[in-house]
Amino acid sequence: DQEMENARAVLREAPALRGSWDREERTRLEMLLEKFDKERGDVRELGPEVAAALELGDMALFRKLLTLLRKQRVDCAKTANAILRGVERFVGDSLLSVKRQHETAYKVNVVLTATAALLGLLFAGWVTRRLVAAARNILAGTRAVENGDLSFELKVMSRDELGALTEAFNRMIH
């Protein structure tokens, strides 16, 4: 029967069963599936016998088989409920595992975000210090020239636009 084979395949292949579930729990669920499959087969086999006894008019046999059929259906339902409880435990365990993984991923994300923000701030501070130092250098030169000191020469601190401006300033006053 395809449904039972699918259930067995899920039981064999489910990652949560290999991880968080112990072998005893998995074996118990496999045995319940086997028991359910047998009980379901017994109910299917007995159904036509009950109908045949009724058709033949053998009421004693009919009542006996009907009582047995009802008992088998109750047993089958109990086994199905036990399987359902096992599957609910499996799903619950799986959800807990997913929740733990989600929490771990969230914590890693927070740490990585904070690290990236800190590195960004440090880089921004470094760039700002370089720009401010170069601007202060040029400002010191303009103040020296403003005070009449044309012998003042600015130190070229970079090869970017501010460095080019510093070189142009030095050429302008010499």
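Described below are features of the structure shown in this document. (Residues numbered from 1 in each chain as written. Predicted model: local features only at pLDDT ≥ 70, side-chain atom pairs only at ≥ 80, totals over all residues. Heavy atoms only, no water.)

Looking at the packing of helix 3 (residues 23-56) against helix 4 (residues 59-146)
Inference 1: Put simply, helix 3 and helix 4 touch, their axes get as near as 8 Å, and they point 155 degrees apart. It follows that helix 3 is roughly antiparallel to helix 4 by the angle criterion. The handedness of the crossing between helix 3 and helix 4 comes out as left-handed.
Inference 2: Looking at side-chain class alone, the contact of helix 3 with helix 4 contains 20 nonpolar, four polar and 10 charged residues. (Axes fitted to C-alpha atoms, helices over the stretch in contact; angles between N-to-C directions. Helix = DSSP H or I, 4+ residues; strand = E, 2+ residues; numbered from the N terminus. Parallel < 35°, antiparallel > 145°, perpendicular 65-115°, else oblique. Left-handed = near helix turned anticlockwise from the far one by under 90°. Nonpolar A, V, L, I, M, F, W, Y, C, P; charged D, E, K, R; others polar.)

What about a nonpolar patch on the surface?
Inference 1: A contiguous nonpolar patch, built from Val87, Val91 and Leu95 and spanning about 250 Å² of accessible area, is present on the exposed surface.
Inference 2: Along the chain, Val87 turns up in helix 4.
Inference 3: Residue Val87 is classed as partly exposed on the basis of its relative accessible area of 35%. (Patch = residues over 30% accessible without salt bridge, like charges linked within 9 Å, V, L, I, M, F, W, Y side chains within 5 Å. Areas by Shrake-Rupley, 256 points an atom, 1.4 Å probe, with all protein chains shown as cover. Salt bridge = Lys/Arg side-chain N within 4 Å of Asp/Glu carboxyl O. Buried < 20%, exposed > 50% of the residue type's maximum accessible area, 1.4 Å probe, protein only.)

What about the packing of aromatic side chains?
Inference 1: Tallying each qualifying case throughout the model produces one aromatic pair.
Inference 2: Plain terms: the ring middles of Phe123 and Trp126 are 5.8 Å apart, the flat faces sit at 35 degrees to each other, and that makes the pair tilted. Here the residue Phe123 and the residue Trp126 both occupy positions in helix 4, the gap between them amounting to three residues, near one helical turn.
Inference 3: Overall, Phe123 belongs to the exposed group, its relative accessible area being 53%.
Inference 4: Note on Trp126: relative accessible area 48%, which makes it partly exposed. (Phe/Tyr/Trp six-rings, centres within 6.5 Å; stacked < 30°, edge-to-face > 60°.)

Honestly, it's all geometry; don't read function into it.
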